[in-house]
Amino acid sequence: MPLVSEPTLRKLAYASLITQAGIIVTGGAVRLTDSGLGCPEWPRCTDESWTATQEMGIHGVVEFGNRLLTFVLGFVALAMLLAVVRTLSSGRPRRDLLVPSIFLLCVIPAQAVIGGITVWTGLNPWVVMFHFLVSAVLVGVATVLVRRAQRPALYVPERIGIPWLERLALITLGATAVAVYMGTIVTASGPHAGDPDAPRTGFDLGLVTGFHAHAAAIVLGLAIGLYAAARVAGAPGRTARAAAVLLAVLFAQGLIGAVQYRLELPELLVGLHLAGAAAMVFAAVDVWYSTRWRPANASHSPA
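Cut-off values and rules
Residues numbered from 1 in each chain as written. Predicted model: local features only at pLDDT ≥ 70, side-chain atom pairs only at ≥ 80, totals over all residues. Heavy atoms only, no water. Helix = DSSP H or I, 4+ residues; strand = E, 2+ residues; numbered from the N terminus. Buried < 20%, exposed > 50% of the residue type's maximum accessible area, 1.4 Å probe, protein only. Contact = heavy atoms within 4.5 Å. Disulfide = S-S within 2.5 Å. Expected span 1.5 Å × (residues − 1). Polar contact = N/O pair within 3.5 Å; in protein donor to acceptor, adjacent residues only side chain to side chain. Salt bridge = Lys/Arg side-chain N within 4 Å of Asp/Glu carboxyl O. Core = buried A, V, L, I, M, F, W, Y, C linked by side-chain atoms within 4.5 Å.

Chemist: Looking at this structure, how should I read the overall build of the protein chain?
Modeler: A count of helices and strands for the protein chain gives 8 helices and 2 strands. Seen through its principal axes, the protein chain has C-alpha atoms that stretch 60 × 50 × 25 Å. Counting only residues that meet the buried cut, the protein chain has 48% of its 303 residues in that class. Taking the contacts inside the protein chain whose residues are at least 6 apart along the sequence as the reference set, 77% of them involve residues at least 24 apart.

Chemist: Before we go on, may I ask you to explain the state of the cysteines in this structure?
Modeler: In a disulfide, the sulfur atoms of two cysteines are held together by a covalent bond. This model, assessed by the stated rule, comprises 1 disulfide. One disulfide bridge connects Cys39 with Cys45, the sulfur atoms lying 1.9 Å from each other. Looking down the S-S bond of the Cys39 and Cys45 bridge, the torsion is -80 degrees, so its handedness is left-handed. Note on accessibility: Cys39 and Cys45 belong to one class, buried.

Chemist: Hey, could you run me through helix H6 (residues 205-232) in this one?
Modeler: Since one α-helical turn is 3.6 residues long, residues separated by three or four positions face the same way. Taking 1.5 Å as the rise per residue, H6 with 28 residues should run 40 Å; its terminal C-alpha atoms sit 41 Å apart, in good agreement. Residues Val208, Thr209, His212, Ala215, Val219, Leu222, Ala223, Leu226, Ala229 and Ala230 constitute the buried set of H6. Check the buried side of H6 and you find it contacts helix H5 (163-189), helix H7 (237-262) and helix H8 (267-290). The N-cap of H6, judged by a side-chain oxygen 3.2 Å from the amide nitrogen of Gly206 a few residues on, is Asp204. Just downstream of H6 lies Gly234, where phi reads positive at about 80 degrees.

Chemist: Would you take a moment to explain the pattern of salt bridges for this structure?
Modeler: Opposite charge on two side chains permits pairing when their charged atoms draw close. Enumeration according to the criterion identifies 10 salt bridges in this entry. Between Glu63 and Arg67 there is a salt bridge, with the nearest N and O atoms lying 3.0 Å from each other. With Glu63 and Arg67 both in helix H2 (residues 57-87), this residue pair falls 4 residues apart, about one helical turn. Residue Glu63 is classed as buried on the basis of its relative accessible area, which comes to 8%.

Chemist: Which parts of the structure should I look at to understand the environment of Asp34?
Modeler: For Asp34, the location among the structural elements is in the loop between helix H1 (6-32) and H2. Relative accessible area serves as the criterion here: at 33%, Asp34 is assigned to the partly exposed category. Note: C-alpha distance between Asp34 and Ala198 (164 residues apart in sequence) is 9.6 Å. Other than its neighbours up to four places away in sequence, Asp34 contacts His59, Gly194, Asp195 and Pro196.

Chemist: Would you take a moment to explain H1 for this structure?
Modeler: Taking 1.5 Å as the rise per residue, H1 with 27 residues should run 39 Å; its terminal C-alpha atoms sit 39 Å apart, in good agreement. In the stretch just after H1, Asp34 is the one whose phi turns positive, near 60 degrees.

Chemist: I'm lost on the nonpolar core in this one. Help?
Modeler: As a rule of thumb, nonpolar side chains are buried together in soluble globular proteins. In terms of nonpolar packing, the biggest core is built from 62 residues, with Leu9, Met80, Leu97 and Leu246 touching the most fellow members. Secondary structure elements with two or more residues in this core: H1, H2, helix H3 (98-120), helix H4 (125-149), H5, H6, H7 and H8. Residue contributions to this core peak at 13 residues, all from H4. The contacts of Met80, once residues within four sequence positions are left out, are Leu9, Leu12, Ala13, Ser16, Leu97, Ser101 and Leu145.

Chemist: Looking at this structure, I do not really get the side chain of Ser90. What am I missing?
Modeler: Topologically, Ser90 is positioned in the loop between H2 and H3. A distance of 2.6 Å separates the side chain of Ser90 from the backbone oxygen of Thr87, its partner in a polar contact. Looking at Ser90, its side chain comes within polar contact range of the main-chain nitrogen of Arg92, at 3.2 Å.

Chemist: What's the story with the environment of Arg151 in this structure? I'm lost.
Modeler: Position of Arg151 among the secondary structure elements: in the loop between H4 and strand E1 (158-159). Here Arg151 falls in the buried class, since its relative accessible area comes to 9%. In this structure, the C-alpha to C-alpha distance between Arg151 and Asp96, residues 55 residues apart in sequence, is 9.6 Å. Once residues within four sequence positions are removed from consideration, Arg151 is found in contact with Glu6, Arg94, Asp96, Pro157, Tyr289 and Trp293. At 2.5 Å, the side chain of Arg151 and the side chain of Tyr289 are in polar contact.

And the structure:
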């Protein structure tokens, strides 16, 4: 295998992030179009066919199409790992990219199996929630992969050295995880089950929505504090910019969430909210990462 260039490594890392976030959106489309059981079996689509048939209609096409995207994710993850492994025997080894690349490639097949379990259980809401949460973790790992790939080869990263700021960012990341988890409970309790006969959690939708909103408000407060702290603590400018991105995502998510609830959860807004959840994970991981390591092109003074 030829040795790939550093720009190519960065492009593969970005492709990993985009595909991991993208399958969250397409998985949401499966659920929002009631296509969750468009292929009623797994790993086959039906007992007789590996692919969707004409008789299955649009639901079969949507569900089978989402299954095919798993192979795209696997191809990207495999290309990323092979490219990284190839650098290990060169003059510019990228050992810093090895662990996240292995993690992404290994978990993708596990995700496919979890997806199969959702079909076998008739879209059990707790299994569907777990399926989404694993994808959210993969988005976070891909975010770290992207940031590491942006470093030059053989670069030794320098810690920023503001422990309390790093802890605040870690708390913000934890609060984001709670808010995302509460969002999955809201979705699992709402009307968009992926199939008209799929079970729901049985929780009161208004009650769990309130818990989710309060969790999101806590994340927003932490993000505001993190942005202000980064500006006054002498952190590199990228930290404040990353916090600003998180704030923008949270404001957009809050607006979409409020409107979709008022309009009784229209499919398009629910889909946008799902995409926003992936963006939240990216932004929260990114701002945490930015409080740990100084950018490769940053001086010791704030940017």
